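# Structural features, examined
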Amino acid sequence: MGLFSAARQGRKDDAELGKGLWRRAHDRFQRGLDRFHQVLEGVEDDQLYGELLEIANELAAVLQRVRGVCMEAQRRAPSEGLDIPAGLADVHRSLSKAGNSLATTAEAAAMLRLAVGPVPVGAASVRRRAEAVFQQVDDAERRLRGD
């Protein structure tokens with residue numbers, strides 16, 4: 001991303017996500033996704049790479065859902081700071097857990113990348129952690145709808 005496009009994206013993010021709590025939740029998820037892709041770049045085993053790439057694509061698709069939740073939460077309870085609005089505390093908690101789970105998913109992928117020799121179960125541990133991310137984003141969407 002070039003300098004000007006990055007500046008434009010930053011202004012767009014400020015307008016849609018604010019500069020507070022919801023922006024931080026989105027950006028944390030984005031950083032976790034970036035980290036997962038950085039780990040993926042160093043995988044030399046073709047079979048493992050294929051499995052991790054599939055998971056990476058699924059996680060990347062979730063980013064737009066996270067952005068949607070954060071945008072709607074910002075619309076309902078604008079945030080310029082770190083105070084969690086009482087009515088959306090559960091939404092924030094689910095997003096925070098999703099960001100944490102994504103970080104541990106990237107960590108699990110990094111551990112597989114560093115494994116010596118063939119990995120007998122492939123990316124099963126990474127898949128399990130990614131499933132937690134999907135469930136937590138589902139939970140955030142459900143809580144935002146009020147289900």
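The structure we're discussing is the one just above.
So, a few notes on the structure that sits alongside this text. (Residues numbered from 1 in each chain as written. Predicted model: local features only at pLDDT ≥ 70, side-chain atom pairs only at ≥ 80, totals over all residues. Heavy atoms only, no water.)

What follows concerns the side chain of Ser101. Here Ser101 is to be found in helix H4 (residues 89–113). Within the local environment of Ser101, its side chain forms a polar contact with the side chain of Gln136, the two groups lying 2.7 Å apart. Excluding anything up to four places from it in sequence, Ser101 contacts Arg129, Ala132, Val133 and Gln136. (Helix = DSSP H or I, 4+ residues; strand = E, 2+ residues; numbered from the N terminus. Polar contact = N/O pair within 3.5 Å; in protein donor to acceptor, adjacent residues only side chain to side chain. Contact = heavy atoms within 4.5 Å.)

A separate point is the side chain of Ser79. On the secondary structure map, Ser79 appears in the loop between helix H3 (46–76) and H4. At 2.9 Å, the side chain of Ser79 and the backbone nitrogen of Leu21 are in polar contact. Polar side-chain contacts of Ser79 include one of 2.9 Å to the backbone oxygen of Gly81.

Quick look at the layout of surface pockets now. Taken as a whole, the second largest pocket encloses approximately 170 Å³ of empty space. Contributions of two or more residues to the lining of the second largest pocket are made by helix H2 (21–41) and H4. For the lining of the second largest pocket, the element with the highest residue contribution is H2, accounting for 5 residues. Here the residues of the lining of the second largest pocket are counted per class, giving 4 nonpolar, 3 polar and 3 charged. (1 Å grid on protein atoms, 1.4 Å probe; cavity = no way out; pocket = protein on both sides within 12 Å on 5 of 7 lines; lining within 4 Å. Points joined across faces, edges and corners; volume = space filled by probe spheres on them. Nonpolar A, V, L, I, M, F, W, Y, C, P; charged D, E, K, R; others polar.)

To continue, consider the nonpolar core. Grouped together as the largest cluster of nonpolar side chains are 40 residues, with contacts concentrated most on Trp22, Phe29, Phe36, Leu52, Leu59, Leu95 and Val126. Leu52 has contacts with Phe36, Leu40, Val43, Ala109, Ala123 and Val126, leaving out every residue within four places of it along the chain. (Core = buried A, V, L, I, M, F, W, Y, C linked by side-chain atoms within 4.5 Å. Buried < 20%, exposed > 50% of the residue type's maximum accessible area, 1.4 Å probe, protein only.)

Attention shifts here to the packing of H3 against helix H5 (residues 124–145). The interhelical angle for the contact between H3 and H5, taken along N-to-C directions, is 20°, at an axis separation of 10 Å. Put simply, H3 runs roughly parallel to H5. Helix-helix and strand crossings are classified by hand; for H3 and H5 the assignment is left-handed. Contacts between H3 and H5 involve Leu52, Glu54, Ile55, Glu58, Leu59, Val62, Arg65, Val66, Val69, Glu72, Ala73 and Arg76 from the first element and Val126, Arg127, Ala130, Val133, Phe134, Val137, Asp138, Ala140, Glu141 and Leu144 from the second. (Axes fitted to C-alpha atoms, helices over the stretch in contact; angles between N-to-C directions. Parallel < 35°, antiparallel > 145°, perpendicular 65-115°, else oblique. Left-handed = near helix turned anticlockwise from the far one by under 90°.)

With that out of the way, let us pick up the pattern of salt bridges. All chains considered together, the criterion is met by 13 salt bridges. Where Arg67 meets Glu16, a salt bridge forms, and the shortest distance between an N and an O atom there is 2.6 Å. Placement of Arg67 in helix H3 and of Glu16 in helix H1 (residues 3–17) is noted, with a sequence separation of 51 residues between them. Residue classification places Arg67 among the buried positions, given a relative accessible area of 9%. The exposure class assigned to Glu16 is partly exposed, which follows from its relative accessible area of 24%. Across the pair Glu58 and Arg127 runs a salt bridge whose closest N-O atoms are separated by 2.5 Å. With Glu58 in helix H3 and Arg127 in helix H5, this pair connects stretches of sequence that are 69 residues apart. (Salt bridge = Lys/Arg side-chain N within 4 Å of Asp/Glu carboxyl O.)

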